[in-house]
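# Topology and contacts: notes
Next come the chains, spelled out residue by residue.
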Amino acid sequence: MKTMKLLTSIVLSASLLVLAGCGEKFLDVEPPTQISQDVAFSTIDNMFISLNGVYAAAPGVPITTFDVMADNAKITPQTLGSLAQEYAWTFTAGGSPGNWGGAYSGIANGNNIINAIQDGYSEGTEDQRNQILGECLALRAYAYHILVRAFGPDPALNPAANDALGVPVVRETRITTPARNTVGEVYDLIFEDIERALTLVTQEDRSGIKINFGPSAIAALGARVALYAGRWDLAAAYAQQVINSGRYSLEDSEAGLEALFLENESSEIIWRRRNLTAGIGTPLFNPNLSIIEIAPTADLINLYDRGNDIRFNAYFNPSPFPGAQVDFYSAKYLGRPGLSPGVSDTYVFRLPEMYLIQAEALARLGQDANARTALDQLRRSRIRGFSSGNESGQALLRAIENERRKELCFEGHRWFDLKRNGQPVVREDCNTALTPRCRLEADDFRFLLPIPQRELQANPNIVQNPGY
Amino acid sequence: MKKQLLMMLTLMLFVCGNALAQRTVTGTVIDPDLNFPLPGVTVQVKGTQTGTISDSEGKYSIEVPEGKNTLVFRYVGYETKEEAIGSRTVIDVQLKEKVTELTDVIVDGYVQKDRPKITGSFAEVTSKTIEQVPIASFDQILQGQAPGLLATATSGRPGAPARVRIRGSSSINSSNEPLYIMDGVQILAQDFAALNPNDIESVQVLKDASATALYGSRASNGVIVIRTKRGQAGTTRFGYRMQQGWQTKTQDRFDMMDAREKLQFEMDLGDRTGAAAEPGVVDSLAALNTNWRDEFFRTARMQSHEVFASGGDEKNRFYISGQYFQQEGIQLGSQLDRFTGRINFSHDNGKKLRLGINATGGFTEDQFLVVERGANLNNPVTQAYIANPYEPVRNPETGEFNQNLTTGPNLIRELDMNDDTQKLFKVVGNVFLEYDILDNLTFRTSWGIDYRRASTARYFSPEGYLGGLNNPAGSLAKSFSDHFQYVGTNTLTYRKNIGTDHQITAIAGQEVIHRTFNNLSASSVGIVNPDLRPLFSNTQVPTDARDQVSVGSGFNENRLVSYFTNVNYLFQAKYAIDAAVRVDGSSRFGSENRFGAFYSIGGAWNIDQEDFIKGISFIQDLKLRLSYGTQGNQEIGNYAWQPFYGAFAYAGDPAFGQIQPGNPNYRWETNQVLNFGIDYALLDGRVSGTIDVYNSRTIDLFIATQLSSTTGFANLDQNVGVMRNRGIELALNAEIVRPTEVGGFSWNISGNFTYNQNRILDLFQEEEFILGTSIVKEGFPLGTQFSVRYAGVDPATGRGMYYDENGNVSMTFNDRYQVALPNTTWDAPMFGGITTSASYKGFTLSVFGSYIMNSFTLNNNRFFMENPVSFANFNQSRRLFDAWQQPGDVTDVPRWRSAENFFSTRFIEDASFFRLRNVVLSYNLPREWLESTKVIQQAQLSLQAQNLFTLTRYTSFDPEAASNLQVFDYPVPRVYTLGVDITF
């Protein structure tokens, strides 16, 4: 009996101890394939990996949407249905063409690193921390510019736009429902970030494949943003900084331009989005299905001097598919050899844009001669036998716009260029079977894209753009 | 020796009882139906702890203390009987087999309580029901057997688990599977096929909050408590049970075209010239007339052999069993082989200590079809219906397999050369120790495991069509996974009777559960030689395939720490009150809400114990129950609450990015359940049953709410939303003829009915979520079909007509016309079962049918089989001959060239059914015959048929649905079995 009692007390106390020892700690489990933010930032090496995650989350280049919404591209009868609402300007808040969620996802990842470093992160060297912080600031500026130019009006030719609604400025990751800041406030943050980034970032091309922000890429971003903001001096200066860096040079041969888009190798590339898997180019040319869904308009094609402009053969090929009912297709994203069709990098900044920005900004400042010099430099590299256009005044501005259109088609610019300059969309070559309208007036509400429906549902503080 | 033991037991009990003058009573206990002595019957002096057990010849002897005058006889599966002793010293007793099959003691897994103390809603299924039905997965046997429990066969594949719902679905985004507990161990709600159903003694279905109280945090979908067989003291009994069966496919409720019809159809349609180009070809093709159903489905064998031994003495008891079960599937290529063993052993040191082990191990080998279910041309069931009848399985001249059909690969050939197997090793068991610290206070500790190891291999021959899709041809994929869970439970149980008026049962306990899952998988393509199946061997994988190997692994875990208590008080055997609290800490929930508390309170009034009822001769049992309490659901991802980063790649380099915002407030989904019940037995117990009415509100539903994208996240898992289930459950049992009345003939009928109404009351930010062809919408039940309403065929044009969103008939179809269809849910709101059995002189015929009502399923098969527009090159249903042909024709099948064929209510059908699940004719050999053998104590022969017929309007092969739409599911077979059951 005594042994029994002893046994009992042993068993009892043992099992009580087992359970008492469990407690809260016992209930802490760690997911094996995920990590906490603390671990993701724990060493400087991990911080660089997390920085790579910010690049991954940063908004990409929409290569067709903003050409389809404008006048550079049309939908062919071979369409599988994509971008139908964009082409017909019938998009709604339920399917907004703007990259709202994607841009903020990048911003949030960047904010986490920015705040960690500003709050006294001590791993690595100061140079490393500065580099990471600067790149994140540049990425944030880039993402906010993607947002503000899509959802708010542009101050370029309309300073009142600065007081209009832009997008919410979020500087830290928190579960909140912020209201929209003004366009001016968004640009203030963008310029602040760019200026700080330029003081922090020292390495030009950390990766060696131009996928990271270095001082030149940040200046390129500054040039573009300044152009949208109407800060012409700044735009011209940033563009000059990139051109003067000596790191980049214009292609002046057809082979060079072809390699730029086919092999994704060129001295023109300033900052690119790397793509190893997604067949982004297939709507423009799909050899597997023998279709072309989205094709350049005759309006665009007819702008080129076919005999002399090296871009014509580099950017366009004759269509082999009669069903598409077009003569040419865009050859910009055929896909790198060895990868699936349409798997191609995209370019956020190429050197030609810097010449175009510089020209436009100087022309706006009335410095026509300097503006023409910049424009002619680009034209001479692109058009065989070209020396100078000799334009000035409005003609010069039109020439810059034309050159921009020819140079940067299918790189996500056209819609925003028209919007920035307050111009309507006018389609001559228009597939009326797929759109009721072929013209969108400059004051049409659709130039401000709708805030996505799900944001309105989740965030009561958001005011929708008018018309939707 | 035996007598000594009995003496010791008697003495021991006597020590615990009171030492007054005594007398000895002896006697024999027999089963009057079988005229057979019953060993192992518990004989107890009422109102004392004094008891004994009848020996192998049914004989007992017991010392009765002074002042006590009643003996109670209890035996599992038999009616309890009380005998007043009076002046008798020899009392022979006849115990009748229980027709209601309810035991007097409810074991909820933690504590056992006599029926009068029960305040919750329980239903029970006993071994008798389970042993009758040779089905690999025991959950399928529960169909129609318990009110409130809806079990649906999800597939006719051998070993396929059922879909089980208790009182409807309580969750939208989490699991609705009940919690399964076997001998105190939580087991996975799957792979029941690795357990031997015949080892089960009873299955308790715990429904309301009072019944599930001690499982609180995991009980929102009800609890199924499985108790396995224990040894009976007395002479060791040996048993052999054999079942041999044949399975066939049930009759379809539609016909496919034969070869000539299909060819004529194609010619009439006119857009297909390949097969039927010339009249001469038509005749030779028509002559082939392959019936692909006959080729894919077979008469399949099944067999089961089982031995068991049960016995012991007052100290040690054991139950040992072993079984081999083999079932071919009616679908070519599917098969289940199972080996199981069990040992249940317990020891009672005769003083205060008891300990034991209950353990089972099962090994199964499953042959799967490579693809099961779905409109996939690699699904054999799909090909059985839509392969063209004018194409042969084998070339009629050479006898070689026809490699490819116009409708895809020849799967008869593919099934022959490819393999998809799973080997599963499963162990479930626990060891326990009980010690009586005081007379009234017992400590129990139990430690159990649920272990499952699965290895799978999927092989595609390089010579097959499917294997040929790999470059280079052929592939092999293998995986190992390992699931381990332990459960440790410590309880203190206190039982105290104060006088005869007060009975207290109280329990307090702690529990800890830790579950881990590990897996490793690898695959490679390129098989050089079908006889050699290497994964990574450099010598046998072709050079160009050496980089096409992939390896993966996974791990996850979760833990639960719990504290619980339950107090039950019964006053004068009339009034019971039962209160329970369980507090759980779960690793799945947020740091702010890691612990959740669940409680219940219940009361019962045993009216039959009241004096004013005792005089009423036709009332034997009458009890009212009322309970209220909460039940939780924690079936979410193991890391769902945590904020975290994930690893991926950008530009070929590793990258970290935030994935999940985390919700430190994430907590349990909670059911608030109110239950009212009546238990009754009237007319000398001829009519008995239960009635339960309940209202269950699930609050804090797990819903992925939308976040402002400015947070960087799209969704946040939150506890919002409300859903309700309310219903009524009826169970009725009637003994129409008792054996003593009409010369040994007996007949009874029992049935149950459940009505459960589900309503989604609140979905937080949105009013509805569309899930393909079904919709989750406020004000509608879960499982509501979402479709365009079909308005029939326009007699003038033969085109389908549809109702638009305003209810007007439209000649064109538009997705916008989709509406949530009221009262059209596939999750049946009404269901039940009915059983009748009659016995005469050892013969017993029992017939069991189950039914569901008001279930609506999208018959997706018809979309493919009645679709001359898109699927004319596949075989089609003869229903197309009813199609509109000329103006004025009135039909619901549109014209062939209608150029439209859309998902609409045209394909949503009433899948209500009554199914004759089981008919058993059994014969117990007369005892006189067996006596001469001196060895065999009991022998039973039985003939059985499962799924004999189904009454339904549903026009596919089977109205039982595993989801809101049916797409070439594996049909449930009809089974005939012959059984022999012998006890030595």
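Preceding this paragraph is the structure being described.
My aim in this report is to walk through the structure given alongside it, one point at a time. (Residues numbered from 1 in each chain as written. Chains lettered and ligands numbered in written order. Predicted model: local features only at pLDDT ≥ 70, side-chain atom pairs only at ≥ 80, totals over all residues. Heavy atoms only, no water.)

## Description of the overall build of chain B
Filter applied, for reference: Counting from the N terminus, the helices are DSSP H or I runs at least four residues long and the strands are E runs at least two residues long. This radius of gyration counts C-alpha atoms alone. The globule rule is 2.2 Å times how many residues there are, raised to the power 0.38. Relative accessibility thresholds used throughout: buried, under 20% of the residue-type maximum; exposed, over 50%; partly exposed, between the two (1.4 Å probe, protein chains only).
Scanning chain B from N- to C-terminus turns up 11 helices and 56 strands. Whereas a compact globule of 984 residues would reach a radius of gyration of roughly 30 Å, chain B reaches 31 Å, a difference of no more than 12%. Seen along its three principal axes, the alpha-carbon backbone of chain B occupies a region of about 105 × 75 × 70 Å. Counting over 984 residues, chain B shows a buried share of 58%.

## Here we look at the sheet that holds strand 42 (residues 774-777) of chain B
Strand-to-strand pairing in sheets goes through backbone hydrogen bonds, with the strands running parallel or antiparallel. Residue and element names in this part refer to chain B. Which entries qualify depends on this criterion: Should DSSP find at least two bridges between two strands, the strands are regarded as paired. Axis definition: a line fitted to C-alpha atoms, limited for helices to the stretch in contact. Angles are taken between N-to-C directions and run from 0 to 180 degrees.
With respect to topology, four strands assemble into an open sheet ordered 41-42-43-47, the strand pairing being antiparallel. Where the open sheet ends on each side, the last strands, each with one partner, are strand 41 (768-771) and strand 47 (819-825). Ignoring strand direction, the axes of neighbouring strands in this sheet form an average angle of 35 degrees. With two bridges connecting them, strand 42 and strand 43 (residues 784-787) associate as antiparallel partners. Each bridged residue has a counterpart across the sheet, and for Ile775 the counterpart in strand 43 is Thr784.

## Let's talk about the pattern of salt bridges
Residue and element names in this part refer to chain A. Formally: Each reported salt bridge corresponds to a side-chain nitrogen of Lys or Arg within 4 Å of a carboxyl oxygen of Asp or Glu.
This model, assessed by the stated rule, comprises 83 salt bridges over all chains. Glu135 serves as the salt-bridge partner of Arg206, at 2.7 Å between the closest nitrogen and oxygen. Pair noted here: Arg206 is in the loop between helix 8 (183-200) and helix 9 (215-229) and Glu135 is in helix 7 (residues 126-151), with a separation of 71 residues, a long-range link. Where Glu403 meets Arg311, a salt bridge forms, and the shortest distance between an N and an O atom there is 2.4 Å. Residue Glu403 is found in helix 16 (residues 393-408), and its partner Arg311 is found in helix 13 (residues 310-315); the two are separated by 92 residues along the sequence. The residues Glu403 and Arg311 share a single accessibility class, namely buried. Connected via shared salt-bridge partners are Glu268, Asp309, Arg311, Lys332, Arg350, Arg382, Glu403, Lys406, Glu407 and Glu411.

## Let's talk about the interface of chain A and chain B
We apply this condition: Working rule for contacts: check all heavy atoms of both residues, and any pair within 4.5 Å makes them a contact. Summed over both partners, buried area is the accessible surface (1.4 Å probe) that two parts give up on being assembled. Here a polar contact means two N or O atoms within 3.5 Å. Within protein one must be a hydrogen donor candidate and the other an acceptor candidate, and residues neighboring in sequence count only if both atoms are side-chain atoms. Gly counts as polar in this scheme, as do all residues outside two lists: the nonpolar Ala, Val, Leu, Ile, Met, Phe, Trp, Tyr, Cys and Pro, and the charged Asp, Glu, Lys and Arg.
Taken together, the contacts link 58 residues of chain A with 56 residues of chain B. Approximately 4,800 Å² of surface area, both sides summed, lies buried where chain A meets chain B, with 66% of it carried by carbon and sulfur atoms. Across the contact surface, chain A and chain B share one salt bridge. Two residues, Asp28 of chain A and Arg594 of chain B, come together in a salt bridge whose shortest N-O distance is 2.6 Å. Counting across the interface, chain A meets chain B through 16 residue pairs in polar contact (both at pLDDT 80 or more). Broken down by secondary-structure element, the contributors of at least two residues to the side of chain A that touches chain B are helix 1 (2-26), strand 1 (34-35), helix 2 (37-40), helix 3 (44-57), helix 6 (100-118), strand 3 (269-273) and helix 18 (453-458) of chain A. Looking at the side of chain A that touches chain B, the element that brings in the most residues is helix 1 of chain A, giving 13 residues. Considered class by class, the residues forming the side of chain A that touches chain B number 30 nonpolar, 18 polar and 10 charged. As paired elements, strand 1 of chain A and strand 33 (residues 644-650) of chain B share two bridges and run antiparallel to each other. Note on strand 33 of chain B: the bridge partner recorded for Ile35 of chain A is Tyr645 of chain B.

## Some thoughts on the packing of aromatic side chains
Aromatic ring pairs are defined here through the distance separating the ring centres and the angle between the ring planes. The condition that has to hold: Between rings of Phe, Tyr and Trp, where Trp is taken as its six-membered ring, a pair exists when centres lie within 6.5 Å; planes separated by under 30 degrees are stacked, by over 60 edge-to-face, and by other angles tilted. Only lysine NZ and arginine CZ atoms are considered, and such an atom sits over a ring when it is within 6 Å of the ring centre and within 35 degrees of the ring normal.
Under the counting rule described, the total for this entry stands at 57 aromatic pairs over all chains. The interplanar angle of 70 degrees and the centroid separation of 6.1 Å between the aromatic rings of Phe863 of chain B and Phe871 of chain B together place this pair among those described as edge-to-face. Each member of the pair, Phe863 of chain B together with Phe871 of chain B, is buried. The side chain of Arg149 of chain A reaches across the aromatic face of Phe416 of chain A, ending 4.0 Å from its centre. Directly above the aromatic system of Trp89 of chain A lies the positively charged group of Arg427 of chain A, at a separation of 3.9 Å from the ring centroid.

## Structural notes on the side chain of Asp450 of chain B
Residue and element names in this part refer to chain B. Position of Asp450 among the secondary structure elements: in strand 26 (residues 441-460). Of the polar contacts made by the side chain of Asp450, one reaches the side chain of Lys426; its length is 3.0 Å. For Asp450, the contacting residues outside a window of four places in its chain are Val185, Gln186, Ile187, Leu188, Lys426, Val427, Val428, His483, Phe484 and Gln485.

## Let's talk about a nonpolar patch on the surface
Residue and element names in this part refer to chain B. Heads up, the rule is: Residues with no salt bridge and a relative accessible area higher than 30% make up the patches, which join like charges within 9 Å and nonpolar side chains (Val, Leu, Ile, Met, Phe, Trp, Tyr) within 5 Å. Only the protein chains shown count as cover for residues, with accessible areas throughout obtained via the Shrake-Rupley method and a probe of 1.4 Å.
There is a patch of nonpolar side chains on the surface, built from Ile577, Val581, Tyr599, Ile601, Leu626, Tyr628, Leu674, Phe676 and Val693 and spanning about 740 Å² of accessible area. Contributing elements (two or more residues each) for the nonpolar patch: strand 30 (575-586), strand 31 (595-606), strand 32 (619-633) and strand 35 (669-682). Along the chain, Val581 turns up in strand 30. Residue classification places Val581 among the partly exposed residues on the basis of a relative accessible area of 37%.

## Let's talk about the packing of helix 15 (residues 368-382) of chain A against helix 16 of chain A
Residue and element names in this part refer to chain A. This is how it is decided: An angle below 35 degrees is read as roughly parallel, one above 145 as roughly antiparallel, one from 65 to 115 as roughly perpendicular, and any other as oblique. Left-handed describes a crossing whose near helix is turned anticlockwise from the far helix by less than a right angle; the clockwise case is right-handed.
Following both chains from N to C, one finds helix 15 and helix 16 inclined at 30 degrees, their axes separated by 11 Å at the closest point. By the criterion of interaxial angle, the relationship of helix 15 to helix 16 is roughly parallel. For the pair helix 15 and helix 16, the crossing hand works out as left-handed. Contacts between helix 15 and helix 16 involve Asp368, Ala371, Arg372, Leu375, Leu378, Arg379 and Arg382 on the former and, on the latter, Gly393, Leu396, Ala399, Ile400, Glu403 and Glu407. Broken down by class, the residue content of the contact of helix 15 with helix 16 amounts to six nonpolar, one polar and six charged.

Geometry only, nothing functional implied.
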